[in-house]
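# Structural overview
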Amino acid sequence: MTVRTSRVDGFVMPSSDGSDEEWATFKVLTVGDNWMLEDACSYEVQVPGGKMRREVDPHEMRRMTIKRCLVGWTLDVPIEREHGWMTQACYARVGKVFGSLVDAFADQFDKEMAVTEDDDAIMTRQSLVLFAKNSKGVVGAHEGVRLYCNYGSFEDKFGLSGDELRKMPVRDFTMLRMMLSREGAAQQRQAAPKASNTRIATGKGIRRSRGVVVGR
Amino acid sequence: MPVVQPKKKPSQPEEVRVDEALMSPGKYEVTEENTFTVDVYLMLKKKVWTLVSGSGDGVHHEQVVFRLWNYDEMVGLRKKATTYDSVRRMHVVDNDALNRLKIQKFLMSWTFDKDNPRLKLHHVGGVLTDESWTHVKLLQPSILRHIIDKMNEVYERS
C-alpha cells in the first residue's frame, strides 16, 4: 500500500497531492483471520424487541487488523511480530504514530480487501449470463465469477475443508458468497411455477386446481 | 535465639528495552511538541466579528494551537463518539461529539486570551477544564465552525 505524503508544520501527513511517498506491506486477511478478529472485537447490543445481538466494534476491528496484518513499512518505527501478531512493545510505538497516517494505510488496505460496488455490478451482470438457460459461459469473466467457476468445478461446489477455507483471502470468500446468492436468485427465476395448493372437491374426490377461473 | 533475617533484595527496576531507551521518537511519532496552528482573521463589521480570508487593515489575527493526535488516541476518541443504532443496525459516528472530544483533548492554547486573561485555557489531566470548554462554546458559531473545519483538515486528512 502506498500513501502520498507532504510536510505540514514540519510533520509528515498524508496528502493526495504530496511530493513524497510512504509504503506499507500487509499480509492478506484470510477468512480465518477475519473470523478470529470479529470474535475478538464483538460485543452484545440490545436490538428492538429486547433481544441481544452480537455486533463488531468497527474501530477496534480496524486496530486489530493492523496488529494482525501490518508486516512492514517505510516509517522509522520498526514492525516486530511474534506468533502472527505485532508484538505489544511494537504496537506501543505504532500507536504513537500520527493517527491520520496510520489511518491512511488502513484505508488503502480496506480498499484492497473490499468488494466494491463496481465489482458487485459486474458480477450481477455476468451472473445473469452465466446462470441463464442455455448459457455458454461468460466472456471476460470477473475475478469473482472465475473464482466461483474454478472452486465449483474443482471442489464440487465448495467442498473445501474448514482449514482450506480459513486460508482463503476474505475478499475471495466474500465474492464467492455473492456469486452463490446470484445463483440462488437465478435458480428461483428459472424454477417452474409452483403447483397450486388449491384443492377442488369433485364428485369423485379431490383434485388440484388447474388455475382456470370460470365466470369472470 | 537470634533469627537470621533474609537479605532484602534490591528492588528490580522496571525492565526497559535498551533499544527504546536509546531511541528518540521517530519523525512520525507524535509527541507533546507536535502541534499545528489554526489562523483566524477577524474584522469588526457593524459590531459583529466577521471572518475574513487574510490579514489587512483593521483585521485581527488570532491563533488557535492544537496538538496532533496519535493513532491510539484517534481510535479511542472515535470509539467514544460512536453509538450503535439498533434500528438501522449499524454503528454511527456522532461527528459533533467527536469534534467536542478533539477540542477538549487537543486544544492547547489560543490568542483570544491576550486581552482577556479570563479566557486563558486550563487543562487538568490533559483535558480542558469545564470552564475552559465553556469559553470555547461561547465563541461566535461562525468562528468556532471555522476553527473546527481547519482542525479537521489536519485530523481527518487520511
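Residues numbered from 1 in each chain as written. Chains lettered and ligands numbered in written order. Predicted model: local features only at pLDDT ≥ 70, side-chain atom pairs only at ≥ 80, totals over all residues. Heavy atoms only, no water.

Our next topic: the overall build of chain B. A tally of helices and strands in chain B yields five helices and eight strands. The order of α-helices and β-strands along chain B, N terminus first, is α-β-β-β-α-β-β-α-β-β-β-α-α. Looking at chain B as a whole, 37% of its 158 residues are labelled buried. The contacts in chain B between residues at least 6 apart in sequence include a share of 58% that link residues at least 24 apart. (Helix = DSSP H or I, 4+ residues; strand = E, 2+ residues; numbered from the N terminus. Buried < 20%, exposed > 50% of the residue type's maximum accessible area, 1.4 Å probe, protein only. Contact = heavy atoms within 4.5 Å.)

This part covers the packing of helix α3 (residues 95–106) of chain B against helix α5 (residues 141–155) of chain B. Helix-helix packing is characterised by the crossing angle of the two axes and by the distance between the axes. All names here are of chain B. Viewed as axis vectors pointing N to C, α3 and α5 meet at an angle of 85 degrees, and their least axial separation amounts to 11 Å. For the element pair α3 / α5, the angle class is roughly perpendicular. Every residue of α5 that contacts α3 at Asn 99, Lys 102, Ile 103 and Phe 106 is listed here: Leu 144, Arg 145, Ile 148, Met 151, Asn 152 and Tyr 155. In terms of residue class, the contact of α3 with α5 is made up of six nonpolar, two polar and two charged. (Axes fitted to C-alpha atoms, helices over the stretch in contact; angles between N-to-C directions. Parallel < 35°, antiparallel > 145°, perpendicular 65-115°, else oblique. Nonpolar A, V, L, I, M, F, W, Y, C, P; charged D, E, K, R; others polar.)

A few words now on the sheet that holds strand β1 (residues 35–45) of chain B. Residue and element names in this part refer to chain B. Strand order in the open sheet made by the four strands is β2-β1-β3-β6, with antiparallel pairing throughout. Two strands close off the open sheet at either side, each with one partner strand: β2 (48–52) and β6 (107–110). Between one strand axis and the next, the sheet turns through 35 degrees on average, direction left out of account. With three bridges joining them, strand β3 (residues 59–67) and β6 adopt antiparallel strand pairing. Bridge pairing in β6 places Val 64 opposite Trp 110. Along the sheet face, α3 touches β3 and β6 and points at about 70 degrees away from the line of β6. Contacts between α5 and the sheet are confined to β1, β2 and β3, with β1 contributing the most and set at about 155 degrees to the helix. (Pairing = 2+ DSSP bridges.)

Glancing now at the environment of B:Ala81. Residues and elements named next belong to chain B. Mapped onto the elements, Ala 81 comes out in the loop between α2 (71–80) and β4 (82–85). Along the sequence, Ala 81 and Asp 94 sit 13 residues apart, while their C-alpha atoms lie 5.5 Å from each other. With residues near it in sequence (within four places) discarded, Ala 81 still touches Val 92, Val 93, Asp 94, Ala 97, Leu 98 and Leu 101.

In this structure the tally under the stated criterion is nine aromatic pairs over all chains. Ring centres 4.9 Å apart and planes at 45 degrees place the aromatic pair B:Trp69 and B:Tyr155 in the tilted group. Separated by 86 residues along the polypeptide, B:Trp69 in the loop between β3 and α2 and B:Tyr155 in helix α5 bring together distant segments of the chain. Judged by relative accessible area, which is 0%, B:Tyr155 ranks as buried. Looking at A:Lys67, its charged tip hangs above the ring of A:Tyr91, at a distance of 4.5 Å from the centre. Here the guanidinium or amino end of A:Arg68 rests over the ring plane of A:Trp85, the centre of that ring lying 4.9 Å away. (Phe/Tyr/Trp six-rings, centres within 6.5 Å; stacked < 30°, edge-to-face > 60°. Lys NZ or Arg CZ within 6 Å of the ring centre and 35° of its normal.)

Turning our attention to the interface of chain B and chain A. Chain B puts 35 residues into the contact, and the matching count from chain A is 44 residues. For the pairing of chain B and chain A, the buried interface totals around 3400 Å² over both sides, and the portion due to carbon and sulfur atoms is 54%. Among the residues chain B hides against chain A, the three largest losses belong to B:Tyr28, B:Tyr71 and B:Arg157. Together they make up 26% of the total. The interface formed by chain B and chain A contains five salt bridges. A:Asp57 is the partner of B:Lys79 in a salt bridge, and the nearest nitrogen-oxygen pair spans 3.8 Å. At the boundary of chain B and chain A, one finds 18 residue pairs in polar contact (both at pLDDT 80 or more). (Buried area = accessible area lost by both parts, 1.4 Å probe. Salt bridge = Lys/Arg side-chain N within 4 Å of Asp/Glu carboxyl O. Polar contact = N/O pair within 3.5 Å; in protein donor to acceptor, adjacent residues only side chain to side chain.)

This part is about the side chain of A:Ser127. Residue and element names in this part refer to chain A. Locating Ser 127 in the fold gives a position in helix α5 (residues 117–130). Residue Ser 127 is classed as buried on the basis of its relative accessible area of 4%. Leaving out residues up to four positions away in the same chain, Ser 127 has contacts with Met 179 and Arg 182.

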